[in-house]
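Chain residues, written in single-letter form:
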Amino acid sequence: MKRALLQLHVAVFLWGFTGVLGRAILLDATLLVWYRLMITAVSLWILFALQKKITRIPMRSVLAIGGIGLVQALHWVTFYGSIKLANVTIALTCLSTTALLSSLIEPLILKQKFQRSEILLGLFAIAGILVIYNTHLQFSWGIIIGLVSALLIVLVSVLNKKIVSEYTPQQITLYQLSGGFVGLTLLLPLLLQWSDGSMLPSAWDWLWLLVLGWVCTIFTFFLYIRSLKHISAFTMNLTLTLEPLYGIILAFIIYRENQHLSNWFYLGFLLIALAVILHMWRLLKPFSGRRSREVVPAGD
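Definitions and cut-offs
- Residues numbered from 1 in each chain as written.
- Predicted model: local features only at pLDDT ≥ 70, side-chain atom pairs only at ≥ 80, totals over all residues.
- Heavy atoms only, no water.
- Helix = DSSP H or I, 4+ residues; strand = E, 2+ residues; numbered from the N terminus.
- Rg over C-alpha atoms; globule rule 2.2 N^0.38 Å.
- Buried < 20%, exposed > 50% of the residue type's maximum accessible area, 1.4 Å probe, protein only.
- Areas by Shrake-Rupley, 256 points an atom, 1.4 Å probe, with all protein chains shown as cover.
- Lys, Arg positive; Asp, Glu negative; His and termini not counted.
- Charge placed at Lys NZ, Arg CZ, Asp CG, Glu CD.
- Patch = residues over 30% accessible without salt bridge, like charges linked within 9 Å, V, L, I, M, F, W, Y side chains within 5 Å.
- Salt bridge = Lys/Arg side-chain N within 4 Å of Asp/Glu carboxyl O.
- Axes fitted to C-alpha atoms, helices over the stretch in contact; angles between N-to-C directions.
- Parallel < 35°, antiparallel > 145°, perpendicular 65-115°, else oblique.
- Left-handed = near helix turned anticlockwise from the far one by under 90°.
- Contact = heavy atoms within 4.5 Å.
- Nonpolar A, V, L, I, M, F, W, Y, C, P; charged D, E, K, R; others polar.
- Core = buried A, V, L, I, M, F, W, Y, C linked by side-chain atoms within 4.5 Å.
- Phe/Tyr/Trp six-rings, centres within 6.5 Å; stacked < 30°, edge-to-face > 60°.
- pLDDT = per-residue confidence, 0-100.
- Expected span 1.5 Å × (residues − 1).
- Bend = angle between axes of the 7 residues up to and from the residue.

**Considerations on the overall build of the protein**
Moving on, step 1. Within the protein, the secondary structure is distributed over 13 helices and zero strands.
Moving on, step 2. Helices and strands appear in the protein in the N-to-C order α-α-α-α-α-α-α-α-α-α-α-α-α.
Moving on, step 3. Taking 300 residues into account, the globule formula puts the C-alpha radius of gyration at 19 Å, and the protein, at 19 Å, falls close to it.
Moving on, step 4. Referenced to the eigenvectors of the C-alpha coordinate spread, the extents of the protein come out at roughly 50 × 50 × 35 Å.
Moving on, step 5. Each of the 300 residues in the protein was classed as buried or not, and the buried ones make up 51%.
Moving on, step 6. About 14,800 Å² of surface is accessible on the protein, with carbon and sulfur atoms providing 68% of the total.
Moving on, step 7. Here the protein carries 22 positive and 10 negative side-chain charges, and the mean point of each set is 13 Å from the other.

Okay, here's the thing in structure tokens:
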């Protein structure tokens, strides 16, 4: 149990570290994600081929899973775009609203009833975002793009719930990342119209991209899957909410981003954090004692 919890925390910490890497890599957000997907997808095909874990699935399923992968790729593009337009702290603060956004969006897609308490907590989070937005107008576009990123990853999470029981985590991860890479490649001519930077990574960019692809994506995936076999769903969900916090702390230490934030930011973040904590506390009883199912990690 302790080892599994440690593995999960390491995975979540490394996901939080992706924001720091996103700022360190000087590429445009679209190219950053394209190179990340290329490194990750190619590496996984080679790794799974050597382990003989590649299994065929119907083409219809490949397209469906690949389509979800494209949505996740666009989530990454907007996440790193938010970092480029604002900073790591702002992007991760927007990302921290995903649990609440999910509770509001899932009923629409899965045709379930809305919970009044979740709507109230969602309003808390919205209030926090509005406080941050109105007091940090220099980051306005970064906040808007960051919220789009949060909405996209919620959509990925909801869509994954529809297929998680039909395929293994390895199958879903492999075909989603591959679908994201192919889909983003097709969209490159359109998305690169807003790019004004270099098309090729520098030597340092290559190093950080390899860390992003191998350590923060593939390695964390295996840590995550192993930990799920021994911990409850509630513990897993609660720990995942720490991802933005880890990333913000790292951004404060490495980039000293706290120097560019006013006291109003902390008030807004407190409102969001309070809503997330109350949301997770509310889920404590339903999830208590259950074992989590193996799902694809939603980390960044």
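**Brief notes about a positive patch on the surface**
Moving on, step 1. A cluster of like positive charges, contributed by R3, K53, R226 and K229, occupies part of the molecular surface.
Moving on, step 2. Note on placement: K229 falls in the loop between α9 (203-228) and α10 (233-240).

**Description of helix α4 (residues 88-95)**
Moving on, step 1. Counting buried positions over the eight residues of α4 gives eight, a clear majority of the element.
Moving on, step 2. Considered for burial, the residues of α4 that qualify are V88, T89, I90, A91, L92, T93, C94 and L95.

**Topic: the packing of helix α1 (residues 2-24) against helix α11 (residues 242-255)**
Any two packed helices are characterised by the angle at which their axes cross and by the distance between the axes.
Moving on, step 1. Orientation of α1 relative to α11, taken along the N-to-C sense of each, is 45°, at an axis distance of 8 Å. On the basis of their axis angle, the class for α1 and α11 is oblique. Here α1 runs over α11; the crossing is right-handed. Where α1 approaches α11, its residues H9, V12, F13, W15, G16, F17, V20, R23 and A24 are matched on the opposing element by L242, E243, Y246, G247, L250, A251, I254 and Y255.
Moving on, step 2. Class assignment for the residues of the contact of α1 with α11 results in twelve nonpolar, three polar and two charged.

**Considering unusual backbone geometry**
Moving on, step 1. Although it is not a glycine, K52 adopts a positive phi angle of roughly 55°.
Moving on, step 2. Positionally, K52 belongs in the loop between α2 (29-50) and α3 (59-85).
Moving on, step 3. Taking the relative accessible area as the measure of exposure, K52 reaches 75% and is therefore exposed.
Moving on, step 4. Here the phi dihedral of R256 falls at roughly 50°; this positive angle occurs in a residue that is not glycine.
Moving on, step 5. In this fold, R256 is placed in the loop between α11 and α12 (263-282).

**Digging into the nonpolar core**
Moving on, step 1. The biggest cluster of nonpolar side chains holds 64 residues, and the ones touching the most others in it are Y80 and I90.
Moving on, step 2. Considering each element in turn, this core owes the most residues, ten residues, to α2.
Moving on, step 3. Leave out the neighbours within four places in its chain, and I90 touches I132, F139, G142, I143, L261 and F265.
Moving on, step 4. The next biggest cluster of nonpolar side chains, apart from the first, holds eleven residues, and it includes L8, W15, F221 and L228.

**A closer look at the packing of aromatic side chains**
Moving on, step 1. For the structure shown, the criterion picks out twelve aromatic pairs.
Moving on, step 2. A centroid spacing of 5.4 Å and a plane angle of 75° characterise the contact between Y35 and W206, whose relative ring orientation is edge-to-face. In this pair, Y35 sits in helix α2 while W206 sits in helix α9, placing the two residues 171 residues apart along the sequence.
Moving on, step 3. Here Y35 falls in the buried class, since its relative accessible area comes to 7%.
Moving on, step 4. Judged by relative accessible area, which is 34%, W206 ranks as partly exposed.
Moving on, step 5. Aromatic side chains F265 and F269 sit 6.0 Å apart centroid to centroid with 20° between the ring planes, which places their arrangement in the stacked category. Of this pair, F265 and F269 are both found in helix α12, four residues apart, which corresponds to roughly one turn of the helix.
Moving on, step 6. Given the relative accessible area of 2%, F265 is considered buried.
Moving on, step 7. Grouped by ring-pair contacts, the aromatic residues W34, Y35, F181 and W206 constitute a single cluster.

**So, the confidence of the model for the protein**
Moving on, step 1. The pLDDT averaged across the protein works out to 88; a share of 93% of its residues lies at or above 70.
Moving on, step 2. The low-confidence segment residues 287-295 (pLDDT under 50) makes 26 contacts with residues lying over four places distant or belonging to another chain.

**Focus on α9**
It helps to recall that an α-helix has 3.6 residues per turn; residues three or four apart then point in one direction.
Moving on, step 1. Between its first and last C-alpha atoms α9 spans 36 Å; for 26 residues at 1.5 Å apiece the expected length is 38 Å, and the two agree.
Moving on, step 2. At T220, α9 shows its largest kink, close to 30°.

**Description of the environment of R116**
Moving on, step 1. Looking at where R116 falls in the secondary structure, it is placed in helix α6 (residues 116-135).
Moving on, step 2. On the basis of relative accessible area, R116 is assigned to the exposed category, the value being 78%.
Moving on, step 3. Expressed as a C-alpha distance, the spacing of R116 and L104, which sit twelve residues apart in the sequence, is 10.0 Å.

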